[in-house]
2 protein chains.
Amino acid sequence: MRVVVPFDATNPKTRLDQVLNDEEREQFANAMIDDVIETIQATGYTPEIIATQPIDKPVSVTVDRRNLDTCINAQLAEGSYPIAIVMADLALISPRHVERFFSLSGDIVIAPGRNGGTNAIIVRSSEFSVDYHGISFLDHLQIAYNNGLSVNEFDSYRFGTDIDEPEDLVEVLLHTDNRSAKYLRNIGLSLDSSTPRVSITRDA
Amino acid sequence: MRVVVPFDATNPKTRLDQVLNDEEREQFANAMIDDVIETIQATGYTPEIIATQPIDKPVSVTVDRRNLDTCINAQLAEGSYPIAIVMADLALISPRHVERFFSLSGDIVIAPGRNGGTNAIIVRSSEFSVDYHGISFLDHLQIAYNNGLSVNEFDSYRFGTDIDEPEDLVEVLLHTDNRSAKYLRNIGLSLDSSTPRVSITRDA
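Everything quoted here is computed from the prediction, not taken from an experiment.

(A) Geometry of the sheet that holds strand E1 (residues 2-7) of chain A. Residue and element names in this part refer to chain A. Read from one edge of the open sheet, seven strands run E3-E2-E1-E4-E6-E5-E7, paired in mixed fashion. Of all the strands in the sheet, the pair left with one neighbour each is strand E3 (61-63) and strand E7 (151-153). Sheet twist, expressed as the average angle between the axes of neighbouring strands with direction ignored, equals 25 degrees. Pairing analysis gives three bridges linking E1 to strand E4 (residues 83-86), with the strands arranged parallel. Paired with valine 4 across the two strands is isoleucine 85, which belongs to E4. Those strands touched by helix H2 (residues 68-77) are E1, strand E2 (47-51), E4 and strand E6 (117-123), and its axis lies near 165 degrees from that of E1.

(B) Expanded view of the sheet that holds strand E7 (residues 151-153) of chain B. Residue and element names in this part refer to chain B. Strands sit in the order E3-E2-E1-E4-E6-E5-E7 across an open sheet of seven strands; the sheet is mixed. Looking at which strands have only one partner, the edges of the open sheet turn out to be strand E3 (61-63) and E7. Pairwise comparison of adjacent strand axes, ignoring direction, gives a mean angle of 25 degrees for this sheet. Helix H1 (residues 22-42) contacts strand E1 (2-7), strand E2 (47-51) and strand E4 (83-86) of the sheet and is inclined by roughly 175 degrees relative to E1.

(C) Quick peek at the nonpolar core. Counting 46 residues, the largest nonpolar core has B:Phe7, B:Ile49, B:Val86, B:Phe128 and B:Phe159 as its most contacted members. Broken down by element, this core gets its largest block of residues, five residues, from H1(B). Ignoring sequence-local partners within four residues, the contact set of B:Phe128 consists of B:Leu76, B:Ile108, B:Ile121, B:Val123, B:His140, B:Ile143, B:Ala144 and B:Leu149. Core analysis: the next-biggest nonpolar cluster, separate from the first, contains 45 residues, A:Val3, A:Ile50, A:Val98 and A:Phe154 among them.

(D) Expanded view of the packing of aromatic side chains. All names here are of chain A. Under the defined criterion, the tally for this structure stands at 12 aromatic pairs over all chains. Between phenylalanine 101 and phenylalanine 102, the ring centres sit 5.7 Å apart and the planes meet at 40 degrees, which makes this aromatic pair tilted. Owing to a relative accessible area of 10%, phenylalanine 102 belongs among the buried residues under this scheme. Taken together, the ring pairs connect Tyr45, Phe101, Phe102, Phe154 and Phe159 into an aromatic cluster.

(E) Layout of the interface of chain A and chain B. In this complex, chain A contributes 30 residues to the contact, which on the side of chain B involves 30 residues. Roughly 2900 Å² of surface becomes buried between chain A and chain B when both sides are summed, with 47% attributable to carbon and sulfur atoms. When the area that chain A buries against chain B is broken down by residue, the three leading residues are A:Arg114, A:Asn115 and A:Tyr157, summing to 28%. In this structure, the salt-bridge partner of B:Asp168 is A:Arg114, at a minimum N-O distance of 3.2 Å. Those elements that place two or more of their residues in the side of chain A that touches chain B are helix H3 (95-102), strand E5 (108-113), helix H4 (136-146), helix H5 (157-160) and helix H6 (166-175) of chain A. A per-element tally of the side of chain A that touches chain B places H6(A) first, with six residues. Classifying every residue of the side of chain A that touches chain B gives nine nonpolar, nine polar and 12 charged.

(F) Examining the relation of the copies chain A and chain B more closely. For the match of chain A to chain B, the screw axis carries a shift of 0.0 Å, the RMSD comes to 0.0 Å, and the turn is 180 degrees. When the rotation and shift are considered jointly, the pair of chain copies conforms to a two-fold rotation axis. Residue by residue, 100% of the interface of chain A is reproduced at the interface of chain B, so both copies engage with the same surface.

(G) Spatial organisation of helix H4 (residues 136-146) of chain B. Among the residues of H4(B), those classed as buried are B:Ser136, B:Phe137, B:His140, B:Ile143 and B:Ala144. Here the buried residues of H4(B) occupy an arc of 125 degrees about the axis, which is enough to place them on one side. When the buried face of H4(B) is taken as reference, the exposed residues oriented beyond 90 degrees from it are B:Tyr145 and B:Asn146. Against the buried residues of H4(B) lie H6 of chain A together with strand E5 (108-113), strand E6 (117-123) and E7 of chain B. One or two steps after H4(B), the chain reaches B:Gly148, where phi turns positive at roughly 65 degrees.

(H) Region of interest: the pairing of strand E8 (residues 189-192) of chain B. Residues and elements named next belong to chain B. Where E8 and strand E9 (residues 199-202) come together, four bridges link them in antiparallel fashion. Bridging across to E9, leucine 191 finds its partner in isoleucine 200. The turn linking E8 back onto E9 is made up of six residues.

(I) Spatial organisation of the environment of B:Asn115. Within the element layout of this structure, B:Asn115 appears in the loop between E5 and E6. For the pair B:Asn115 and B:Gly160, spaced 45 residues apart in sequence, the C-alpha to C-alpha distance is 9.7 Å. In contact with B:Asn115, not counting residues within four places along its chain, are A:Tyr157, A:Val170, A:Glu171, A:Leu174, A:Arg197 and A:Val198.

(J) Inspection of the confidence of the model for chain A at higher detail. Mean pLDDT for chain A: 97, with 100% of residues reaching 70 or above. For this predicted complex, the interface confidence reaches an ipTM of 0.96, while the overall pTM sits at 0.97.

(K) Region of the structure containing the packing of H6(A) against helix H7 (residues 179-186) of chain A. Residues and elements named next belong to chain A. Axis separation between H6 and H7 bottoms out at 9 Å; the angle between their running directions is 110 degrees. Classified by the angle their axes make, H6 and H7 are roughly perpendicular. For the pair H6 and H7, the sense of crossing is left-handed. Contacts from Leu169, Val172 and Leu173 of H6 reach H7 at Ser180, Ala181, Leu184 and Arg185.

Analysis parameters
- Residues numbered from 1 in each chain as written.
- Chains lettered and ligands numbered in written order.
- Predicted model: local features only at pLDDT ≥ 70, side-chain atom pairs only at ≥ 80, totals over all residues.
- Heavy atoms only, no water.
- Pairing = 2+ DSSP bridges.
- Helix = DSSP H or I, 4+ residues; strand = E, 2+ residues; numbered from the N terminus.
- Axes fitted to C-alpha atoms, helices over the stretch in contact; angles between N-to-C directions.
- Contact = heavy atoms within 4.5 Å.
- Core = buried A, V, L, I, M, F, W, Y, C linked by side-chain atoms within 4.5 Å.
- Buried < 20%, exposed > 50% of the residue type's maximum accessible area, 1.4 Å probe, protein only.
- Phe/Tyr/Trp six-rings, centres within 6.5 Å; stacked < 30°, edge-to-face > 60°.
- Buried area = accessible area lost by both parts, 1.4 Å probe.
- Salt bridge = Lys/Arg side-chain N within 4 Å of Asp/Glu carboxyl O.
- Nonpolar A, V, L, I, M, F, W, Y, C, P; charged D, E, K, R; others polar.
- Least-squares fit on C-alpha atoms with pLDDT ≥ 70 in both.
- Arc of directions from axis to C-beta.
- pLDDT = per-residue confidence, 0-100.
- Parallel < 35°, antiparallel > 145°, perpendicular 65-115°, else oblique.
- Left-handed = near helix turned anticlockwise from the far one by under 90°.

See the structure below:
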């Protein structure tokens, strides 16, 4: 199986800008993709990165400045199935979660993310194409249905938690101790459970 | 296995008050627990409800006005193991998710919820007690560790999604077609994907 990880290296993670400055967002995004790369490697697979600009990673990096759908559909069109597309901000996944994902059958295996996202997908049919805009989870179910493809929904909290918003940083600090979590701690972020909902606080 | 579902029947789901009025919040909370009851029954188990005030449900209902920890620890103290505690607002679970949860081994099996919550837990040891305040997921890991108990983390998107906030209603409409989702549609709520994040809109 090919494992493709798209990475937006250009001004990444803008929705974290209330908590992290530009440099921190770039560093944190890199910590997350490094975790994802290492996690996938630990399962015996070699991820391929598709990035919006050149980056230095210990695996193959292809620069493709087109939009995400165009990039990924070009990869699918190469015809080497199965192919897994795994988002670069899944900071909570560890090898056992990836193994469970990769073990599932189906023309399409899809891991939903919060708010209708598609956090990871395995494609085993040339009849499928991706559409990450709008409510991508529903769009992908519809594309599969329209093409008579079987769909297996991968029910995973950790795959379902992509890190986009400040409240998602809570999940990183709660559930992992990888590079991503260490980075957040190193810049002084910690959990604050004095509020009704657990939040992030920063050392003064 | 005993399956206990605690239910706060007194002014439930206050954090939904920007979207639902008092009566709607009560009706929606009831739709969710009805879905949870039916889902558990479909797996061959009979849930027992522990409620803060009398409610009419087709299963056993015990009224216990004490706080949640006291209620649940009183149930655990009855000594009939294993016992599962399943939250009443897990609107996304279906029988196959419950079956996967119930199949797991461990002195403690815990399904984390967003923001450090404990959405469901199986207890197989008298050494364990619950503490739902603060960051309950971490507290429960600590209590298990302190008592030398094995812990199995149940990695499930659907168990991990409890319905507390307006943005959680998006998940209900996206991922289910049960009573809870039908209730929301009946009062005129639907998905709005014209915003950067999918949100809830209401018929004028």
